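Each chain, written out:
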Amino acid sequence: MPESVKFICLRCGHNFVADYTPKVVEERTCPKCGSNSVRRQKGKAAEKAAD
Amino acid sequence: MMDAGRHPRIELFTNSQVENVSGFVGNFNVTVRKKVRYVDEDACTACGECEVVCPVAVPDEYQEGFSSRKAIYIPFPQAVPSSYVLDMENCLGTNPIACGKCADACEKECIDYDAVDEVRELEVGAIVVATGMQPYDPTEMDEYGYTRFANVITSMEFERLICAGGPVEGHFIRPTDRKTPKSVAFIQCVGSRSLNRGVPYCSNICCMNTVKDTLLLHDHYPEMQNKVFYMDIRSFGKGFEDLYRRSKEAGVQYIRGLPGDIEEDPKTKNLYLTVENTLNGGVERHEVDMVVLAVGLVPRTDSEQIRQMLTLSQTSDGFVMEAHPKLQPVDAPTKGVYFAGCVESPKDIKDSVTQAGAAAARANILLNDREVRIEAITSIIHEEECNYCGRCVRVCPFHAITPANKKQGVFPKVVEAACSGCGTCAAECVTDCIDMRHFEDAQYYAQIEAILAEDPMQKIVAFACNWCSYAGGDNAGTSRLQYPANVRLIRTMCSGRVDEDFILHAFRKGAPMVLVSGCHFSDCHYIDAVTWTQQRVEKIWDKLEKKGIRPERLQLEWISAAEGQKFAKVMRELEKLRQAVTEEEVAFTVDLLIREQKPTPKRRTNRDTLALLN
Ligand SMILES: [Zn+2]
């Protein structure tokens, strides 16, 4: 089941939430700049982004 | 089909399913389940006595449900072999025998209720995939009322109604009153060329199929009024424009605009189409007796199974991907596998026949060669450094590496005929014991060092895959698009080849920015190698962050061969990011990575590789 997870774009710095299914590797695109340098936020970074 | 059935060197497996494919080019092992027919196809003379006595009647799938068939039946008039088959799902039952009338009626005694499936193992050298497509189901397009209004039918259903061998013997009638309609409307692009519902691509055949249908109707019923609602008629191809002209000359009305809505008169069952005519801008209402939806073609829902068995790539539209769209249009990326027909993309009969001929010829060339020729860019495993971890076996998209067994001292082995040279195994190998011919580690290290030998702060190191992103760079170049001149491309066959240490080595040598670029997931020429690239880059981002290096300095991008614009844009963005990288952070990175560097990896050279080969 997909879960909502926070991502950060390493090109433009945009934070966003998108569906993420563990163990499923998907092509990801930043909704703001269109870059594929999109990194899933984990641990503290994810909590920080939530604030 | 008849010719194939009679050919002495063709063994035809009908009513059969491929269950497994293993092996590689020239040595495929295929498991085929020949499903039980309960009728001896060699003995059956298709006399039809069994069908006469069968008490079961179910909708006939071939006739699109417009007529019924028995539980024992011949699927369609020209079926090969011309033999009956018993549909056990609808038969009244044979265990215990509930009816048994067909067996009693069969003089030849060719019905055997106890027959079972037959599983055959075949050894073949080449495989042609011709599994076709399926028509789009327009039920979801509620505005057209398909299944709500009986007089709205699909182009497939139209074929059955107009066919002399169809349920009404070609006397075209409308379903509600079984009378010949006075007017018929065709709606084009149903399910095609839509980003919201159906598929985004053009299904290729629907325009000419409709043009043909209008002419058929005109020939049979000159008084009938036919209207075609379209976006634009695509009549390229030999003789097609002429056919289109003839249709217009025959009085068929072509109205540019797709109806937004269809309503039914509850009494007459006539249909009202509301449409904006885009040629005059007016909103029109047309009354017709019947509507034919020109449905598009979509990949078969069960094609995934065959795709996985043969490790085939697929394009974003769901059809299988060729090894090269221009130079190897009927070859699969998996060697020894070829495509024919709509499994590759929607196409008409002529194109399907042409492609089938080409696929057969390609298979013939392969089988008549004494040796299989492969590109000399396969992987090599240096066994002395292998720790039997088996990662290479797991990541190989082509299943080209045989499993390791530590207990038995069996090293993984590259089946060179099956290896396509993506290099994912080499990049993922934890002991660095795999290398690739002509794309060796030593060559990459040399390129990185040469690029960064002078003014490293000014450079951007970009790894680009051969098929897509490197070609995207070419596209940008030939389109004369401007992008920063300090980008240095390093070509890999696949982005899957980009080893973690290549990236770290670039940073170690003072690169401010590194880019890994490859094909979009749906365009990957090495099935799913690109997914390993993404996972690897994600891990490196984590590692860089732990080391105190900004992960932003490693960028990832999927660029197709057609995306010259995107290539140039990405390079401009990278240059902006590069300008923000400080000399201090690069110095910190260099110092840290040099200190952390493992003992210099053995830089294999061509000579080492050649020695291994000899
Ligand atoms: Zn972005």
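Refer to the preceding data block for the structure.
These lines cover the structure that appears in this document, whether it is placed above or below. Being a predicted model, the structure only gives us computed values, none of them experimental.

1. Regarding the environment of Ser 82 of chain B
Residues and elements named next belong to chain B. Relative to the elements of secondary structure, Ser 82 occurs in the loop between strand 5 (72-73) and strand 6 (85-86). In this structure Ser 82 comes out as partly exposed when scored by relative accessible area, which is 45%. In this structure the C-alpha to C-alpha distance between Ser 82 and Gly 5, which are 77 residues apart in sequence, comes to 9.9 Å. Apart from residues no more than four positions distant in its own chain, Ser 82 is found in contact with Cys 44, Ala 46 and Ile 74.

2. So, the coordination of the zinc ion
All names here are of chain A. For the zinc ion, the full set of protein donor atoms is Cys 9 (SG), Cys 12 (SG), Cys 30 (SG) and Cys 33 (SG), and the range of their distances to it is 2.2 to 2.3 Å. Coordination at the zinc ion is tetrahedral: its four donor atoms span angles of 105 to 114° at the metal. Mapping the donors of the zinc ion onto the primary sequence gives the spacing C-x2-C-x17-C-x2-C. Of the two residues, Cys 12 sits in the loop between strand 1 (3-9) and strand 2 (15-20) while Cys 30 sits in the loop between strand 2 and strand 3 (38-40), which places them 18 residues apart along the sequence.

3. Concerning the interface of chain A and chain B
Across the contact, 14 residues belong to chain A and 22 residues belong to chain B. Interface area for chain A against chain B, summed over the two sides, is near 1500 Å², with a carbon-plus-sulfur share of 42%. Area buried by chain A at its contact with chain B is led by Leu 10, Arg 11 and Arg 39 of chain A, which between them contribute 43% of it. Applying the counting criterion to the chain A and chain B interface returns five salt bridges. Its salt-bridge partner being Glu 573 of chain B, residue Arg 11 of chain A comes within 2.6 Å of it at the nearest N-O pair.

4. Some details on the packing of aromatic side chains
Ring pairs (aromatic) are described by centroid distance and by the angle formed between their planes. Residues and elements named next belong to chain B. The final tally for this structure, using the stated rule, is 14 aromatic pairs over all chains. Seen in terms of ring centroids, Phe 158 and Phe 186 are 5.7 Å apart; in terms of plane orientation they differ by 70°. Their pairing is edge-to-face. On the criterion of sequence distance, the pair formed by Phe 158 in helix 4 (residues 155-162) and Phe 186 in strand 11 (residues 183-190) is long-range, its members being 28 residues apart. For the pair formed by Phe 158 and Phe 186, the shared burial category is buried. Among the aromatic residues, those joined into a ring-pair cluster are Tyr 444, Tyr 445, Phe 463 and Phe 502. Against the face of Tyr 73 rests Arg 69, its NZ or CZ located 3.9 Å from the ring centre. The lysine or arginine in question, Lys 248, covers the ring of Tyr 244, its NZ or CZ lying 4.2 Å from the ring centre.

5. Quick notes on the packing of helix 5 (residues 206-220) of chain B against helix 6 (residues 240-249) of chain B
All names here are of chain B. Taken N-terminus to C-terminus, the directions of helix 5 and helix 6 make an angle of 40°; their axes are 9 Å apart at the nearest point. By the angle class used here, helix 5 and helix 6 are oblique. In this structure, helix 5 meets helix 6 at a crossing whose hand is left-handed. Every residue of helix 6 that contacts helix 5 at Met 208, Val 211, Thr 214 and Leu 215 is listed here: Phe 240, Leu 243, Tyr 244, Arg 246 and Ser 247.

6. Section: the sheet that holds strand 10 (residues 152-154) of chain B
Residue and element names in this part refer to chain B. Pairing within the open sheet is parallel, and its five strands lie in the order 10-17-11-12-13. A single partner strand is all that each edge strand has here, and the edge strands are strand 10 and strand 13 (253-256). Each neighbouring strand pair of the sheet contributes to a mean axis angle of 25°, computed without reference to strand direction. Pairing geometry for strand 10 and strand 17 (residues 290-295), over three bridges, is parallel. When the sheet's bridge partners are listed, Thr 154 is paired in strand 17 with Leu 293. The strands touched by helix 4 are strand 10, strand 11 and strand 17; relative to strand 10, the strand with the most contacts, the crossing angle is about 90°.

7. Considerations on the environment of Lys 509 of chain B
Residues and elements named next belong to chain B. Among the structural elements, Lys 509 can be located in the loop between helix 13 (500-508) and strand 26 (513-518). Judged by relative accessible area, Lys 509 falls into the partly exposed class, the value being 38%. Remark: the alpha-carbon pair of Lys 509 and Tyr 144, spanning 365 residues in sequence, is separated by 63 Å. Residues in contact with Lys 509, not counting those within four places in the same chain, are Glu 449, Leu 452 and Pro 456.

8. Some thoughts on the packing of helix 13 of chain B against helix 16 (residues 583-596) of chain B
All names here are of chain B. Viewed as axis vectors pointing N to C, helix 13 and helix 16 meet at an angle of 125°, and their least axial separation amounts to 8 Å. Classified by the interaxial angle, the pair formed by helix 13 and helix 16 is oblique. Of the residues in helix 16, those in contact with Leu 504, Phe 507 and Arg 508 of helix 13 are Thr 589, Val 590, Leu 593 and Ile 594. Here the residues of the contact of helix 13 with helix 16 sort into five nonpolar, one polar and one charged.

9. A closer look at the nonpolar core
All names here are of chain B. Ranked by size, the top nonpolar core spans 58 residues in total, and within it Val 461, Phe 463, Ile 503, Val 514 and Leu 554 carry the most contacts. Residue contributions to this core reach at least three from each of two domains, namely domain 4 (376-429) and domain 5 (439-595). Ile 162, Val 184, Leu 217 and Tyr 254 belong to the second-largest nonpolar core, a separate cluster that totals 24 residues.

10. A word on the pairing of strand 12 (residues 225-230) of chain B
All names here are of chain B. Counting buried positions along strand 12 yields five of six residues, so the element is predominantly enclosed. Here strand 11 runs beside strand 12; their pairing, made up of five bridges, is parallel. From the neighbouring strand, Ala 185 faces strand 12, where its bridge partner is Lys 227. As a crossover connection, the stretch from strand 11 through helix 5 into strand 12 is right-handed. Bridge count for strand 12 against strand 13 is four bridges, and the pairing is parallel. When the bridges of strand 13 are listed, Tyr 230 appears paired with Arg 256.

Thresholds applied
Residues numbered from 1 in each chain as written. Chains lettered and ligands numbered in written order. Predicted model: local features only at pLDDT ≥ 70, side-chain atom pairs only at ≥ 80, totals over all residues. Heavy atoms only, no water. Helix = DSSP H or I, 4+ residues; strand = E, 2+ residues; numbered from the N terminus. Buried < 20%, exposed > 50% of the residue type's maximum accessible area, 1.4 Å probe, protein only. Contact = heavy atoms within 4.5 Å. Donors = N, O, S within 2.8 Å, 3.2 Å for Na, K, Ca; no water. Tetrahedral: all angles 85-135°; square planar, octahedral: opposite > 155°, others 65-115°. Buried area = accessible area lost by both parts, 1.4 Å probe. Salt bridge = Lys/Arg side-chain N within 4 Å of Asp/Glu carboxyl O. Phe/Tyr/Trp six-rings, centres within 6.5 Å; stacked < 30°, edge-to-face > 60°. Lys NZ or Arg CZ within 6 Å of the ring centre and 35° of its normal. Axes fitted to C-alpha atoms, helices over the stretch in contact; angles between N-to-C directions. Parallel < 35°, antiparallel > 145°, perpendicular 65-115°, else oblique. Left-handed = near helix turned anticlockwise from the far one by under 90°. Pairing = 2+ DSSP bridges. Nonpolar A, V, L, I, M, F, W, Y, C, P; charged D, E, K, R; others polar. Core = buried A, V, L, I, M, F, W, Y, C linked by side-chain atoms within 4.5 Å. Domains from an automatic or database assignment. Right-handed = clockwise from strand over helix to strand, strands pointing away.

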